[in-house]
Amino acid sequence: MAAAGLCGLVAVLETHRGRDRAVRTLCYGCQLAGGALAAPQASPSGLPKGLLAVSAHLSACRTALRLFDDFAALSYSYSYGLGPKEEDAVVRGLSVLCNLANQLYYPCEHIAWAADVGIVRGSSQKWWTVSTGLWAFSLLLGILRSLRIMFLLRRKLKQRKCPSSPESRKETRAQVKAEALSILADMADLSNAIHWLPPGFLWAGRFPPWLVGLLGMVSSLIGIYQAHGGGNSGAV
């Protein structure tokens, strides 16, 4: 049992997505712990400062690794195209817009990163703002898409248009659960995305580190759960 678990963990960490999920969870976990241990209204020091520093380094690590994500996103966007014709038109439209936002997000973040390290001349702040705004827009579209899919699935269940076998109904309920979890994860990430936008927009800049870490942990743990069979989103 232990050997099988270890082999499974190694297999996950050997993949890019699996390692990114692990680093993301650790990043937000350190931010949550560091923010919670830090004294209120005081500059962090000692262990809390160290945990927050680890979180910042892990976040920078993920940013650097995303330099190679453009082609994967492009491949997915190309394969999806305008979506399958049998899929709901609203879901297709939201998915296409979401893919477009994701595709634009990466080059904006790359430019911001390049400006930070001195490869590109000029301020990086505007590019970070644009990339964060695109991420927030993508998350909002994802929430709307999941809400639409949930509405269609629940309507099928009520109208009994789906197959009446218990197994089919169980699968449909599992899809509803998966979409609900996706909404929760996206809302947590959207809350953080707005926090990282320039001050003055909604609650931008108002979250303490522990709250950013908590929201990130919620999203990360849901992502891990869904990636390992906890739920599968289905298009309608």
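Residues numbered from 1 in each chain as written. Predicted model: local features only at pLDDT ≥ 70, side-chain atom pairs only at ≥ 80, totals over all residues. Heavy atoms only, no water.

Caption draft 1: Representation of the pattern of salt bridges. This structure, assessed with the given rule, holds five salt bridges. With its nearest N and O atoms 2.8 Å apart, the salt bridge here joins D189 to R24. In this pair, D189 sits in helix α7 (residues 166-195) while R24 sits in helix α2 (residues 16-37), placing the two residues 165 residues apart along the sequence. (Salt bridge = Lys/Arg side-chain N within 4 Å of Asp/Glu carboxyl O. Helix = DSSP H or I, 4+ residues; strand = E, 2+ residues; numbered from the N terminus.)

Caption draft 2: Spotlight on the environment of L47. By the element assignment, L47 lies in helix α3 (residues 46-65). Sequence separation of L47 and V130 is 83 residues, and the distance between their C-alpha atoms is 33 Å.

Caption draft 3: Structural context of the packing of helix α5 (residues 89-117) against helix α6 (residues 125-159). Close contact between α5 and α6 brings their axes to 8 Å; oriented N to C, the two are set at 160 degrees. Taken together, the axis directions place α5 and α6 in an arrangement best described as roughly antiparallel. Remark: the crossing between α5 and α6 carries left-handed chirality. (Axes fitted to C-alpha atoms, helices over the stretch in contact; angles between N-to-C directions. Parallel < 35°, antiparallel > 145°, perpendicular 65-115°, else oblique. Left-handed = near helix turned anticlockwise from the far one by under 90°.)

Caption draft 4: Seen up close, a nonpolar patch on the surface. A contiguous nonpolar patch, built from L6, L9, V10 and L13 and spanning about 330 Å² of accessible area, is present on the exposed surface. Of note, L9 is situated in helix α1 (residues 2-13). Assessed through its relative accessible area of 46%, L9 is described here as partly exposed. (Patch = residues over 30% accessible without salt bridge, like charges linked within 9 Å, V, L, I, M, F, W, Y side chains within 5 Å. Areas by Shrake-Rupley, 256 points an atom, 1.4 Å probe, with all protein chains shown as cover. Buried < 20%, exposed > 50% of the residue type's maximum accessible area, 1.4 Å probe, protein only.)

Caption draft 5: Fine view of the side chain of R66. Structurally, R66 is set in the loop between α3 and α4 (70-80). With residues near it in sequence (within four places) discarded, R66 still touches Y105, Y106, E109 and H110. (Contact = heavy atoms within 4.5 Å.)

Caption draft 6: Representation of the layout of surface pockets. For the second largest pocket, the calculated volume is near 160 Å³. Forming the walls of the second largest pocket are G34, G35, A38, A39, P40, A42, P44, L52, P208, P209 and W210. Contributions of two or more residues to the lining of the second largest pocket are made by α2 and α8 (209-230). (1 Å grid on protein atoms, 1.4 Å probe; cavity = no way out; pocket = protein on both sides within 12 Å on 5 of 7 lines; lining within 4 Å. Points joined across faces, edges and corners; volume = space filled by probe spheres on them.)

Caption draft 7: Quick peek at α4. Where α4 is concerned, the buried positions are D70, A73, S77 and Y80. For α4, the arc enclosing every buried residue in end-on projection is 105 degrees, short of the 170-degree limit, so these residues lie on one face. In α4, those exposed residues whose orientation departs by more than 90 degrees from the buried face are F71, Y78 and S79. Contacts from the buried residues of α4 go to α5. Following α4 by one or two positions, G81 adopts a phi angle in the positive range, close to 60 degrees. (Arc of directions from axis to C-beta.)

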